Amino acid sequence: MSTLTQSPAWLALQAHQPIMAQQHLRELFKQDSHRFNKFSLLFNDILLDYAKQPVNEKTINLLLALARQQRLENSMSRMFSGEKINNTEHRAALHIALRAEHAVIVDGVDVIPEVKQVLQQMARFSDAVRNGEKKGYSEKAFTDVVNIGIGGSDLGPVMVTEALKSYGSPHLSVHFVSNIDGAQLSETLKQLDPATTLFIIASKTFTTQETITNAHSARHWFLAHGGKEKDIAIHFVAVSTNQSAVEKFGIDAENMFQFWDWVGGRYSLWSAIGLPIAMAVGMDNFYSLLAGAREMDQHFMTAPLEKNLPVMLGLIGIWQINFFSATTHAILPYDQYLHRFPAYLQQLEMESNGKRITRDGEVIDYSTSPVVWGEPGTNGQHAFYQLLHQGTQTVSADFLAPCQSQHPIGNHHRLLLANFFAQTEAMMRGKNQSEVRNELISQKIPEASLEALLPHKIFPGNHPTTSILFKKLDPKTLGSLIALYEHKVFVQSVIWDINPFDQWGVELGKQLAGKILSELDQTESANSHDASTNGLMNYFKENQ
Ligand code: F6P
């Protein structure tokens, strides 16, 4: 048994859980008409409503006691002051420095001047490309940018670029290639003209197999379709922490945008990894994105725990995951522009907190990160909401929506939001037996069919949801929303006593793939693996 699950705050929550579990959410609303006022928070334009969670005042106090017991505020200060809290890699975790305005010290040096310098380099470069001053080898302005990167060097930039699409330039298209599957690169390149295409090779380590392979293939395509060796310098830039590997690839250090080992891959969209975002929406909008995140950072550091959005979002997650056994968490944005937000949060949450070992190396005996998944509403309603309403799994869900549409056509936005409100209400209330019976009677369904139909039409309800409503999906609000989730993930890691900034779990597959690749090149049959892997490899060899 770990010390966490035997600790006073944990045991108190465990004792309190059955009391909350036996009350239906609709009963809680009946008992207390002030639930919304008590269990919602407003920060700038962002409203966080957790009233449809199985909580009362006592629950919140117990969750806050757990946060205090785990010394959350101390961990927050340690992160913000640049301590090396990524203990397995001996690094600070300072994505907050990428948007800070005050000094942030790493190893005795203020990193902010360097951060600002790179931001200025990004501004000069992206402005020059966007206004056509910087041209390709045939003196034509660039029309397309291809970002080649994967994981944190892809998901954040893709998500933000999609989310801010309406802020994009009509003269410059930004594409993303991440997968080692040649289909993605080929399908992207076949629409492009090398003379007007700029490649960004984005990789923190500059050793990632997918990115380096795609980068080499892009370079071959460029040279095979009219570009010359000397033009590589004009058409290829790199974003990395690894200058020597960038130079080895053939990109001049002058065309490199730097970042630092204290920026984790999945926390890097605020750094030069955000260059494709700046290309797509312009540097002013990128600065607004940073400003939104900075405001959330300040709120996180200064607001009392009970009024602190990332803290409360994190603690509600702990309540669901550890005390109500919710092993999956749905992210349901009612905003088509946020269609890549669930995929982005999958890496942020699951790569950060999908761990089974504490900071000190002990095996954990409680649940950590849930499986994160989701799709935009209303599409999801016509696909998987059946399971949310009437399935057997406990799923917790975050619903997100803007009050204002960027496309106020007809009645679309009201219809969208009507569905948002209806779904969270339906999940909470459900429809009980007597309500279904009355409905069927009023529809004049004959008695025999009524009884047969009745159980199928019951909605148990009592499904927990959290709603996040914001005024408009502009760059600043988006920055705040992303930072909200970054800090929520951090809060949960502190409660669980794990290091959210390493990712050793991705290594084994990489190692084995290296060995298998050399075996796939050989003509003889594979026989050094288990029977299944040998069989699969040999079937591939026969049929490739
Ligand atoms: O999948 C593991 C990982 O290291 C991620 O954490 C990271 O975001 C991604 O690979 C890409 O890494 P890099 O930016 O070094 O190419």
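Scoring rules and cut-offs
- Residues numbered from 1 in each chain as written.
- Predicted model: local features only at pLDDT ≥ 70, side-chain atom pairs only at ≥ 80, totals over all residues.
- Heavy atoms only, no water.
- Pairing = 2+ DSSP bridges.
- Helix = DSSP H or I, 4+ residues; strand = E, 2+ residues; numbered from the N terminus.
- Axes fitted to C-alpha atoms, helices over the stretch in contact; angles between N-to-C directions.
- Near = heavy atom within 4 Å.
- Areas by Shrake-Rupley, 256 points an atom, 1.4 Å probe, with all protein chains shown as cover.
- 1 Å grid on protein atoms, 1.4 Å probe; cavity = no way out; pocket = protein on both sides within 12 Å on 5 of 7 lines; lining within 4 Å.
- Sits in = over half its atoms within 2 Å of the grid points.
- Nonpolar A, V, L, I, M, F, W, Y, C, P; charged D, E, K, R; others polar.
- Contact = heavy atoms within 4.5 Å.
- Parallel < 35°, antiparallel > 145°, perpendicular 65-115°, else oblique.
- Left-handed = near helix turned anticlockwise from the far one by under 90°.
- Core = buried A, V, L, I, M, F, W, Y, C linked by side-chain atoms within 4.5 Å.
- Buried < 20%, exposed > 50% of the residue type's maximum accessible area, 1.4 Å probe, protein only.

Caption draft 1: Structural detail: the sheet that holds strand β2 (residues 46–49). Within the open sheet, the 6 strands sit side by side as β1-β2-β13-β12-β10-β11. Their pairing is mixed. The two strands at the open ends of the sheet, each matched to only one other strand, are β1 (40–43) and β11 (371–373). Pairs of neighbouring strands in the sheet enclose a mean axial angle of 15°, with direction left out of account. Taken together, the 4 bridges between β2 and strand β13 (residues 465–470) define a ladder with antiparallel strand orientation. Bridge pairing in β13 links Leu-47 to Leu-469.

Caption draft 2: Representation of the site of the ligand. The immediate surroundings of the ligand are formed by 14 residues, with Ser-153, Ser-203, Thr-205, Thr-208 and Glu-351 found nearest. Within the complex, the protein chains bury 86% of what would otherwise be the 400 Å² of accessible surface of the ligand. The cavity where the ligand resides is the largest pocket. Across the shell around the ligand, the residue classes break down as 2 nonpolar, 9 polar and 3 charged.

Caption draft 3: Structural detail: the sheet that holds strand β9 (residues 256–258). If you trace the 5 strands from one edge of the open sheet to the other, you get β6-β5-β7-β8-β9, paired in parallel fashion. Looking at which strands have only one partner, the edges of the open sheet turn out to be β6 (173–177) and β9. The average angle at which neighbouring strand axes cross in this sheet is 20°, direction not considered. Lying on the sheet, helix α6 (residues 112–130) is in contact with β7 (197–202), β8 (236–240) and β9; it crosses β9 at an angle near 145°. Helix-sheet contacts for helix α9 (residues 209–224) involve β5 (144–148), β6, β7 and β8, and the interaxial angle to β7 is about 160°.

Caption draft 4: A look at the packing of helix α5 (residues 72–80) against helix α20 (residues 475–496). At a closest axis distance of 10 Å, the pairing of α5 and α20 adopts a crossing angle of 125°. Our classification of the angle between α5 and α20 gives oblique. The element α5 and its partner α20 pack so that their crossing is right-handed. For the pair α5 and α20, contact is made by Leu-72, Ser-75, Met-76, Met-79 and Phe-80 and by His-487, Phe-490, Val-491 and Val-494, respectively. The class makeup of the residues in the contact of α5 with α20 is 7 nonpolar, 2 polar and no charged.

Caption draft 5: Representation of the nonpolar core. Counting residues in each nonpolar core, the largest one holds 123 residues, and the members touching the most others are Met-122, Trp-262, Met-279, Phe-341, Ile-468 and Leu-478. At 12 residues, the largest contribution of residues to this core is made by α20. For Met-279, the residues in contact, after removing those within four places along its chain, are Phe-125, Ser-126, Val-129, Arg-130, Val-145, Leu-172, Val-174, Leu-198 and Ile-200. Counting 22 residues, the second largest nonpolar core, distinct from the first, contains Leu-189, Phe-222, Phe-249 and Met-256.

Caption draft 6: Looking closely at unusual backbone geometry. Residue Gly-377 is joined to Thr-378 through a cis peptide bond whose omega torsion reads 10°. With respect to the secondary-structure elements, Thr-378 resides in the loop between β11 and α16 (385–390). Although it is not a glycine, Ser-325 sits at a positive phi angle of roughly 55°. The topology assignment puts Ser-325 in the loop between α14 (309–323) and β10 (328–333). Phi is positive for Asp-497, which is not a glycine, with a value near 60°. Considering the arrangement of structural elements, one finds Asp-497 in the loop between α20 and α21 (507–520).

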